[in-house]
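Structural characterization, general
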Amino acid sequence: QMFIDSVTHELRSPLASIKLCLETLGREGISENQRSELRKMMLHDVERLSVFVDDILQASRIAYGRRSQTWTVVDVVPLVQSCIDGIRTRHDLPPDAITLRAPERLATFSDPTALEIIVKNVLDNAVKYSSPAPQVEVDVQATTGTLSITVRDNGIGIERSQLRRIFQRFHRAPDPRVNERSGSGLGLYVVHRLVLNLGGRIRARS
């Protein structure tokens with residue numbers, strides 16, 4: 001039932017918004033600025049739907065043990081920067097909302113697709129549960145042959161009792177501030193399982 005409720009909300013909300021925008025575009029007297037704003041809103045809703053479908057597909061593959069990894073040498077910093085740029089665009093953030101601290105070059109042997117999904121989902125989560133003016137810091141480094149990516153934010157925080165549960169499928173913390181934000185409880189589950197599949201580990205602190 002939790003899954004059905006999450007899917008229903010995550011599908012209906014952006015679809016209703018897109019429908020309203022299209023109906024508004026069909027009216028007479030709409031200025032070009034208004035049309036541009038409506039198109040922007042629809043693109044945002046389509047992106048939200050796309051991200052949700054991707055999470056559903058990834059969670060399904062993980063649940064049924066279908067892993068298609070392609071390991072190769074990955075140039076980490078450009079990959080992380082690309083993820084940051086994508087999240088900035090998705091949430092319409094200023095350039096200084098997400099900052100990156102990383103060496104000029106850092107390569108690792110990994111699955112670039114999985115790594116990109118991991119970074120994007122964690123960043124999206126950091127922005128989504130932050131204040132109206134998110135400040136997210138990303139720190140990339142390598143120590144003793146281990147790649148470490150740390151994401152810090154000025155978020156709403158989370159109860160200690162919930163820290164381990166946030167990586168469970170469909171789990172969302174029982175907090176009114178969490179319920180105010182869209183989410184299916186799949187993003188961090190996908191991140192956790194992909195990290196494990198890559199032989200890594202993930203921790204959350206508040």
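The following refers to the structure shown. Counting of residues starts from 1 at the beginning of each chain's written sequence and follows it residue by residue. With pLDDT at 70 or above as the cut-off, local features in this predicted model cover only qualifying residues; side-chain atom pairs require 80 or more to be listed or tallied, and sums for whole chains, interfaces and linings still use all residues. Hydrogens and water molecules were not included; the side-chain quantities draw on all heavy atoms of the structure.

1. Here we look at the overall build of the chain
Counted only if it meets this: The way it works is that DSSP assigns letters per residue, a run of H or I at least four long becomes a helix, a run of E at least two long becomes a strand, and they are numbered from the N terminus. Contacts between residues were defined by any pair of non-hydrogen atoms, one from each residue, lying within 4.5 Å. To be clear on the numbers: accessible area is Shrake-Rupley with a 1.4 Å probe, and residue cover counts the displayed protein chains and nothing else.
Each helix and strand counted, the chain has six helices and five strands in total. Starting at the N terminus, the α and β elements of the chain follow one another as α-α-β-α-β-β-α-β-β-α-α. The long-range fraction of contacts in the chain, counting pairs at least 24 apart against all pairs at least 6 apart in sequence, stands at 68%. If you sum the accessible surface of the chain, you get close to 12,800 Å²; carbon and sulfur atoms cover 51% of it.

2. Describing the sheet that holds strand β2 (residues 98-101)
Our working definition: Pairs of strands are assigned from DSSP output, requiring at least two bridges between the strands. An axis is simply a line fitted to the C-alpha atoms; with a helix, the fit covers only the stretch in contact. Between two such axes, the angle follows the N-to-C directions and lies from 0 to 180 degrees.
Here we have three strands laid out as an open sheet, ordered β2-β4-β5, and mixed in their pairing. Of all the strands in the sheet, the pair left with one neighbour each is β2 and β5 (146-152). Each adjacent strand pair in this sheet contributes to an overall mean axis angle of 15 degrees, direction not counted. Examined bridge by bridge, β2 and strand β4 (residues 136-143) share four bridges and lie parallel to one another. By the bridge assignment, Ile98 is partnered in β4 with Val136.

3. Comments concerning the packing of aromatic side chains
Where we set the bar: Centres within 6.5 Å make a pair out of two Phe, Tyr or Trp rings, where for Trp the six-membered ring is used; the pair is then stacked when the planes are under 30 degrees apart, edge-to-face when over 60, and tilted otherwise. Only protein chains enter the area calculation, which uses a 1.4 Å probe; residues under 20% of their type maximum are buried, those over 50% are exposed, and those in between are partly exposed.
Inspection of every chain in the model, using the stated rule, returns one aromatic pair. On the basis of an interplanar angle of 40 degrees and a centroid distance of 5.9 Å, the ring pair of Trp71 and Phe109 is categorised as tilted. With Trp71 in the loop between α2 (32-63) and β1 (72-75) and Phe109 in strand β3 (residues 107-110), this pair connects stretches of sequence that are 38 residues apart. Under the relative-accessibility criterion, Trp71 is labelled partly exposed at 33%. The class for Phe109 is exposed, based on a relative accessible area of 52%.

4. Topic: the nonpolar core
Cut-off, in case you're wondering: Within this scheme, the nonpolar core is defined by two criteria: the residues are buried Ala, Val, Leu, Ile, Met, Phe, Trp, Tyr or Cys, and they are joined through side-chain atoms within 4.5 Å.
If you look at the biggest cluster of nonpolar residues, it comprises 20 residues, and the most contacted ones within it are Val80, Ile98, Leu123, Val136 and Val138. Those elements that provide at least two residues to this core are α3 (76-91), α4 (112-128) and β4. Beyond its immediate sequence surroundings of up to four residues, Val138 is in contact with Val80, Ile84, Ile98, Thr99, Leu100, Arg101, Leu123, Ile149, Thr150 and Val151. Among the nonpolar cores identified, the runner-up in size contains eleven residues, and Ile118, Tyr189, Val195 and Leu198 belong to it.

5. Section: the packing of α4 against helix α6 (residues 187-197)
So the rule is basically this: Each helix crossing is assigned a hand: it is left-handed if the near helix lies turned anticlockwise from the far helix by less than a right angle, otherwise right-handed if that turn is clockwise. Think of it as three bins: nonpolar holds Ala, Val, Leu, Ile, Met, Phe, Trp, Tyr, Cys and Pro, charged holds Asp, Glu, Lys and Arg, and polar takes everything else, Gly as well.
Between α4 and α6, the least distance of the axes is 9 Å, while the angle of their chain directions is 145 degrees. Classified by chirality, the crossing of α6 by α4 is left-handed. Residue-level inspection shows Ala114, Ile117, Ile118, Asn121, Val122 and Asn125 of α4 in contact with α6, the latter providing Gly187, Leu188, Val190, Val191, Leu194 and Val195. Of the residues that constitute the contact of α4 with α6, the class distribution is nine nonpolar, three polar and no charged.

6. Examining the side chain of Thr24
Its location among the elements puts Thr24 in helix α1 (residues 2-25). Setting aside residues no more than four positions away along its own chain, Thr24 makes contact with Ile30 and Leu38.

7. Observations concerning α3
As a reminder, the rule being used: In this analysis, the expected span of each helix is defined as 1.5 Å times one less than the number of residues it contains.
Spanning 16 residues, α3 covers 23 Å between terminal C-alpha atoms, matching the ideal 22 Å at 1.5 Å per step. Positive backbone phi, approximately 55 degrees, marks Asp92, located one or two places after α3.

8. Points about the side chain of Ser110
In this structure, Ser110 sits in strand β3. In contact with Ser110, not counting residues within four places along its chain, are Thr70, Trp71, Thr72, Val74 and Leu198.

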